[in-house]
Amino acid sequence: MTFNDLMIVQNPILSSLIWFFLILATLYFARTPAHKSIVAFCRVLQNTFRVSAHSVQKAEQRLLQRNREVLLAQGMEASERIIEREFERIDATVRKDLAEYPSLQRHLSEEITQIDADYKESTEVPPEPPGWVKAVDAIAKIQTKDPMVAHILEDIHNSMIKANTQATEEYRKASHKRHMHLKDMMPHWRKVTQVLGQVDKSVKSLLTRSQTIDRHMDEYEGIVKASDRSVRMLSSSSLTQFFISAFVLTIAVGGALINFNLIARPLAEMVGGTSRIMGVPINSIAALVIILVELAMGLFLMEAMRITRLFPVIGALNDKVRIRLAWTFFSILLFLACIEAGLAFMRELIMQDAAATRAILRGDGNTEVVESSYLWITTAAQMGMGLVLPFALMFVAIPLETFIHSLRTVLGLITIGVLRVLIWLLHLGSSFMRYTASVLVNSYDLIIFAPLWIEKAVLRKTAIDEGDKESRSQSTASI
Amino acid sequence: MLNQFLKAMLFVAILSVTSCADNKGPYNQGVYMLIDTSGTYTKELGHAQRIINFTLSKLNPGDTFAVARVDTASFSEKNIIDKQTFDERPSMTNQQKRKFRDTIDKFVKAAKPSAYTDITGGILQAIEYLNEANTGKKTIMIFSDLKEELRKGYVRDIPLQLNGINVIALNVTKLRSDNIDPREYLDRLDDWRKKVEAGGGKWRVINDLERLDRLFD
C-alpha cells in the first residue's frame with residue numbers, strides 16, 4: 001500500500017484531514033465498546049498475572065515445605081549419627097574402664113584391709129605402772145626417823161628410776177614400731193588415691209559425654225518437633241557447610257590438576273600423544289581416567305570405612321565383607337599411587353631428554369648436563385607427590401558428601417528466592433495491568449477530546465433548553 | 001548387592017579401556033622446507049640449518065617434517081634430504097630429531113651449488129608430499145632468494161594447488177640487480193605472492209631470522 005492509495009482527493013492535506021476526521025468519528029462512535037475491550041483485555045492480563053502469582057506462591061510454599069522436610073531429615077540423620085557415635089564412645093569408655101571395676105574394687109578392699117591391719121597395729125597401748133608402786137606409797141607414809149626406812153625408800157627410788165627408764169625405752173620402741181606401720185600405710189594410701197583418681201576420671205568422662213548427649217538430644221528433640229529454631233539453625237549450618245565444602249573441593253580440584261600434569265606427559269609414552277578423542281589428546285584422557293579411578297577408589301574406601309555414607313550399599317554390607325572390600329580398595333589405590341610415582345619419575349626423564357635435545361638443537365648441549373646434577377631433588381619431589389596425592393585426594397569424599405547434602409538445601413533456597421522474585425514480578429505485572437486499563441481509557445478519550453467536548457457542549461445546551469422549557473411550562477401552568 | 005556393586009565397577013573399567021580407542025584426528029602439522037642450493041645462495045645454508053633446528057624444536061610427536069633441496073630439477077623424491085613423521089612417544093621423537101639434525105649437518109657440509117633453481121618443481125613436490133602425509137596443518141617453507149632459473153625444456157607454468165597450505169618465504173636475500181632496481185625484488189615477491197594466493201595458499205615472508213617465533217603462529 002502506498003501513500004497514493006490513501007488519497008481520497010487530489011489534495012494530500014485535504015485527504016489527510018478527511019482521514020483524520022473519519023478516524024476521529026470512528027473512534028468516537030466506537031468509544032464504549034473500545035473502552036470495554038480495553039478494560040476487559042487488561043483485566044484478563046491482570047487476572048492471568050494474579051493467578052500465575054498465586055500458583056507460583058503455592059509452588060514456593062510447597063518447595064519451602066519440602067526444603068524444611070529435607071533439612072529436618074538431614075538434621076535428624078546427622079543428630080542420630082552424632083548421638084550414636086557418642087554412645088559408641090560411652091560404650092568404649094565403659095568397656096575399657098568400668099569393665100575392670102570388680103578387680104578395681106577387690107584391689108581397693110585389699111588395700112583398705114591392709115591399711116586397717118596396719119592401723120590396728122599402730123594403735124598406742126599405754127604402759128602399765130608397776131604393781132608394787134602402791135606398796136611404796138604405803139611405806140612412804142610410815143612416820144619414822146629410822147634410817148633404814150630412808151635407805152629402803154632410797155633403793156625404791158632408784159628402782160623406780162630404773163623401771164621408768166626401761167618403760168620409756170620400751171615405749172619408744174613400740175612408738176617406733178607403730179610409726180613404721182604408719183609409714184607402711186603410705187603407699188597403700190597412695191595406691192587407693194590413684195585408683196580412686198582413675199575411677200573419678202572415668203566417671204567424669206562419662207559425665208561429660210552424657211552432657212554432650214543431653215545437648216544433642218535437645219537438638220534432636222527440637223528437630224523431631226520441627227521447631228522453627230531448629231530449621232533456622234539447620235539452614236544456617238547447611239549454608240556454612242556448603243561454602244566450606246565448596247572451598248575444600250576447589251583445593252582438591254587444584255590437587256587433581258597438579259596430579260594430572262604429573263602423569264599426562266609420561267602417559268604419552270604408553271598410550272601415545274597424538275591420537276585424540278573429541279579433540280582431547282588420548283594421554284590426557286588416560287591421565288584423567290586414572291585420577292577419576294583413584295577418586296572413585298578413595299570414595300569407596302572412605303565408604304567402606306564408614307566415614308562417609310554416599311553409597312548405602314557398601315555401608316549395609318556385613319563387617320567381614322566390608323573390611324575385605326576396604327583392603328581391596330586400599331590395595332588398588334596404593335597400586336595406582338605407585339604407578340603415579342613411576343610416571344612422575346618417567347616425566348622427569350622425558351623432560352631431561354627433551355631439554356637435552358633442545359640444547360643439542362640450539363648447539364649448547366654441555367650446559368644442560370652441568371645443570372642436571374641437582375635435578376634429583378625435583379625428581380624425588382615429583383615422585384613423592386605422585387605417591388601422596390592419590391591418598392590426599394581420597395579425603396575429597398568427606399567434603400564431597402557434605403557438598404552434595406548441603407547442595408540440595410542450597411538449591412532449594414536459591415529456587416525459593418527465584419520463585420519469590422517471580423511472585424513479586426507477577427504481582428507487579430498484575431498491578432501494572434490494573435492501572436494500564438485506566439491509562440488506556442483516558443488516552444483513548446484524549447485522542448477524541450474534540451468530539452467529546454462537542455458532545456458535552458451539546459448535552460449542556462440540551463439540558464439548558466430542556467430546563468428553559470420546563471420553567472416556561474411551569475410558569476404557564478401557574479398563570 | 002555385592003554382585004551389583006562389582007558389576008558396576010566392571011562397567012566403569014570397560015568404559016575406561018574402550019575410551020582409549022585410537023582416533024587419530026588431523027591435529028598434527030606437516031612442514032616441508034625447500035632449501036635453495038643454487039649459485040652463491042649455498043653460503044646461506046648455515047641460516048637454513050638454524051631454521052631447521054628451530055623447527056625441529058617446535059615440532060611435536062605425530063608431526064611430519066621434510067627438508068628438500070632446490071636445484072636444477074626439484075620435482076623429485078631424490079631431492080628430499082630427510083623426512084620424518086615423528087613417533088607418538090616423546091622419547092622416540094627426541095631420538096628422531098637428533099638423527100634428523102645429524103643428517104642435515106652432513107648435507108650442509110657436503111652441499112654443492114647447482115646451476116639452476118627450480119622452485120616451482122620443489123613446491124609441487126612439497127604439495128604432493130604434504131597431501132600424502134595428510135596432516136592437519138600444512139606449511140611449506142622456502143629458503144631462497146625466490147629467483148627461479150629453469151633449464152631449457154623444463155615446463156613449470158603449472159597452477160599450484162595450495163588450498164589450506166601456508167607458504168613462508170625465508171631469508172629472501174636481495175640480489176645485486178635488486179640493489180640497482182629494488183622494483184625487481186618487490187616484483188619478485190609480489191609474483192610469488194600472487195602465484196601462491198591464486199592457488200589458494202597463504203603467503204608470508206620472514207626475512208629477519210631473529211623473529212622465527214612467528215613461523216608457527
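Everything discussed here concerns the structure shown above.
In this report, we go over the structure that sits alongside the text.

On to the overall build of chain B, then. The number of helices and strands found in chain B is 6 helices and 6 strands. With 217 residues in all, chain B has 47% of them scored as buried. Within chain B, residue pairs in contact and separated by at least 24 positions form 77% of the contacts whose partners lie at least 6 positions apart.

So, on to the overall build of chain A. Helix and strand content of chain A: 13 helices and 2 strands. Here the analysis covers contacts within chain A between residues at least 6 apart in sequence; of these, 81% occur between residues at least 24 apart. Carbon and sulfur atoms make up 66% of the accessible area of chain A, which totals about 31600 Å².

The next thing to look at is unusual backbone geometry. All names here are of chain B. Within the chain, Leu 146 stands out as a residue other than glycine whose phi angle is a positive 65 degrees. Here Leu 146 lies in the loop between strand E4 (137-143) and strand E5 (165-170). At Asn 171, a position not held by glycine, the phi torsion is positive, near 50 degrees. The residue Asn 171 is located in the loop between E5 and helix H5 (176-180) in this model.

This paragraph deals with the sheet that holds strand E2 (residues 64-70) of chain B. Residue and element names in this part refer to chain B. Pairing within the open sheet is mixed, and its 6 strands lie in the order E3-E2-E1-E4-E5-E6. Of all the strands in the sheet, the pair left with one neighbour each is strand E3 (80-85) and strand E6 (202-206). Adjacent strand axes in the sheet meet at a mean angle of 15 degrees when their direction is disregarded. As paired strands, E5 and E6 are joined by 5 bridges and run parallel to one another. Residue Ile 168 lies in a different strand from E6, and its bridge partner there is Arg 204. Helix H2 (residues 45-58) rests against strand E1 (29-36), E2, E4 and E5 of the sheet, and its axis sits at about 175 degrees to E1. Along the sheet, helix H3 (residues 90-110) makes contact with E2 and E3, crossing E3 at roughly 175 degrees.

Glancing now at the packing of helix H6 (residues 228-271) of chain A against helix H7 (residues 282-304) of chain A. What describes two packed helices is the angle between their axes and the distance between those same axes. Residues and elements named next belong to chain A. Relative to each other, H6 and H7 sit at 130 degrees, their axes nearing to 7 Å. Relative to H7, the element H6 lies oblique. The interaxial crossing formed by H6 with H7 has right-handed handedness. Facing H6, whose interface residues are Ala 256, Asn 259, Phe 260, Ile 263, Ala 264, Arg 265, Leu 267, Ala 268 and Val 271, H7 presents Ile 282, Asn 283, Ser 284, Ala 286, Ala 287, Leu 288, Ile 290, Ile 291 and Glu 294. Of the residues that constitute the contact of H6 with H7, the class distribution is 13 nonpolar, 3 polar and 2 charged.

Calculation notes
- Residues numbered from 1 in each chain as written.
- Chains lettered and ligands numbered in written order.
- Predicted model: local features only at pLDDT ≥ 70, side-chain atom pairs only at ≥ 80, totals over all residues.
- Heavy atoms only, no water.
- Helix = DSSP H or I, 4+ residues; strand = E, 2+ residues; numbered from the N terminus.
- Buried < 20%, exposed > 50% of the residue type's maximum accessible area, 1.4 Å probe, protein only.
- Contact = heavy atoms within 4.5 Å.
- Areas by Shrake-Rupley, 256 points an atom, 1.4 Å probe, with all protein chains shown as cover.
- Pairing = 2+ DSSP bridges.
- Axes fitted to C-alpha atoms, helices over the stretch in contact; angles between N-to-C directions.
- Parallel < 35°, antiparallel > 145°, perpendicular 65-115°, else oblique.
- Left-handed = near helix turned anticlockwise from the far one by under 90°.
- Nonpolar A, V, L, I, M, F, W, Y, C, P; charged D, E, K, R; others polar.

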